[in-house]
Amino acid sequence: MTTQTETQTQPQTPPAQNPIPTLVRNAFNAAGQRAAGRSDQVAAAIAALRKLRRVLLDQAGTNIALQVVDGPVSGFIMERNMRAFAATEEAPVAAPLPPALTLAGPAAALMLDAVDNGLILHRFLPGNTAILLMVPELMGCLCDALGGTPEAGRLLDILRKGMDEDEPRLAIEGPVSQRLH
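Residues numbered from 1 in each chain as written. Predicted model: local features only at pLDDT ≥ 70, side-chain atom pairs only at ≥ 80, totals over all residues. Heavy atoms only, no water.

**Q** Help me out: how do you make sense of the overall build of the chain in this one?
**A** Scanning the chain from N- to C-terminus turns up seven helices and zero strands. Listed by position from the N terminus, the elements making up the chain come as α-α-α-α-α-α-α. By the burial criterion, 36% of the 181 residues in the chain qualify as buried. In the chain, once contacts between residues fewer than 6 apart in sequence are set aside, the share between residues at least 24 apart is 84%. Per element, the accessible surface of the chain, about 10300 Å² overall, is 56% carbon and sulfur. (Helix = DSSP H or I, 4+ residues; strand = E, 2+ residues; numbered from the N terminus. Buried < 20%, exposed > 50% of the residue type's maximum accessible area, 1.4 Å probe, protein only. Contact = heavy atoms within 4.5 Å. Areas by Shrake-Rupley, 256 points an atom, 1.4 Å probe, with all protein chains shown as cover.)

**Q** How should the pattern of salt bridges be read in this particular structure?
**A** Pairing between side chains of opposite charge can happen when their charged atoms approach one another. A complete count under the given rule lists seven salt bridges for this structure. Across the pair Lys-51 and Asp-116 runs a salt bridge, and its minimum N-O distance is 2.7 Å. Residue Lys-51 is found in helix α3 (residues 38-60), and its partner Asp-116 is found in helix α5 (residues 106-122); the two are separated by 65 residues along the sequence. For Asp-116, a relative accessible area of 18% translates into the label buried. Overlapping salt bridges bring together Arg-25, Glu-137 and Asp-144 as one network. (Salt bridge = Lys/Arg side-chain N within 4 Å of Asp/Glu carboxyl O.)

**Q** Is there a simple way to explain helix α7 (residues 152-160) in this structure?
**A** In an α-helix there are 3.6 residues to a turn, and that puts residues three or four apart on one side. Of the positions making up α7, those classed as buried are Leu-155, Leu-156, Ile-158 and Leu-159. Axial view of α7: buried residues confined to an arc of 155 degrees, hence all on one face. Following α7 by one or two positions, Gly-162 has its phi on the positive side, about 80 degrees. (Arc of directions from axis to C-beta.)

**Q** I'm lost on the nonpolar core in this one. Help?
**A** Counting residues in each nonpolar core, the largest one holds 45 residues, and the members touching the most others are Leu-52, Val-73, Met-111, Met-134, Met-139, Leu-142 and Leu-155. Only α2 (20-34), α3, α4 (62-88), α5, α6 (129-146) and α7 provide two or more residues apiece to this core. Broken down by element, the residue count for this core peaks at eleven residues, all from α6. For Leu-142, the contacting residues outside a window of four places in its chain are Val-42, Ala-45, Ile-46, Leu-49, Pro-150 and Leu-155. (Core = buried A, V, L, I, M, F, W, Y, C linked by side-chain atoms within 4.5 Å.)

**Q** Any chance you could explain the environment of Ala-65 here in plain terms?
**A** Along the chain, the position of Ala-65 falls in helix α4. A relative accessible area of 0% means that Ala-65 is categorised as buried. Note: C-alpha distance between Ala-65 and Val-55 (ten residues apart in sequence) is 8.5 Å. Excluding residues within four positions of it along the chain, Ala-65 makes contact with Arg-53, Leu-56, Leu-57 and Asp-70.

**Q** What's the story with the packing of α4 against α7 in this structure? I'm lost.
**A** Contact pair α4 / α7: the axes reach a minimum separation of 10 Å and the direction vectors enclose 155 degrees. Taken as axis vectors, α4 and α7 run roughly antiparallel relative to one another. Between α4 and α7 lies a crossing whose hand is right-handed. Between α4, through Leu-66, Val-69, Asp-70, Val-73, Ser-74 and Ile-77, and α7, the contact on the second element is made entirely by Ala-152, Leu-155, Leu-156, Leu-159 and Arg-160. (Axes fitted to C-alpha atoms, helices over the stretch in contact; angles between N-to-C directions. Parallel < 35°, antiparallel > 145°, perpendicular 65-115°, else oblique. Left-handed = near helix turned anticlockwise from the far one by under 90°.)

**Q** For this particular structure, what's the right way to read the side chain of Asn-18?
**A** Along the chain, Asn-18 falls in the loop between α1 (4-9) and α2. A polar contact is formed between the side chain of Asn-18 and the backbone nitrogen of Ile-20, at a distance of 3.0 Å. Ignoring any residue separated from it by four or fewer positions in sequence, one finds Asn-18 in contact with Leu-125, Thr-129, Ala-130 and Leu-133. (Polar contact = N/O pair within 3.5 Å; in protein donor to acceptor, adjacent residues only side chain to side chain.)

Structural data, given as structure tokens:
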């Protein structure tokens, strides 16, 4: 039996905080410093979402890509729009995505590295929390860069572009630490 004195002298360790939100936000802030402009920062966030979706599609299939990226992207946009509507009682106007996105460059490289590091951390965090936290954090970054919420259909079209999901996919042979479990 533990006495009150013994309980008070034992150090209290706070629960471990998931590092994914901090990882993504730090990368986004650094990408903002390297971006050539607002559209470059938007493109960096989209490049990160596309990479995460591609990895999930290649390693776990279409259903997982839909459940982990597409659904949460749509849900995130819907929630933000509903909050905006509740606050103003007016339908929010979608923030336009730049017509041409360069999904490469220094800003995008930082965001792509954040996704890679998140996938590595995924191996050491419980369940799928790392992957499940990446999408809302990346969406928050995208909305911050846009100064609003994009139109869901247009964003999903960009995320899916060039990803033929009807063909069977082979798992990416990458380092074991980056494979999904």
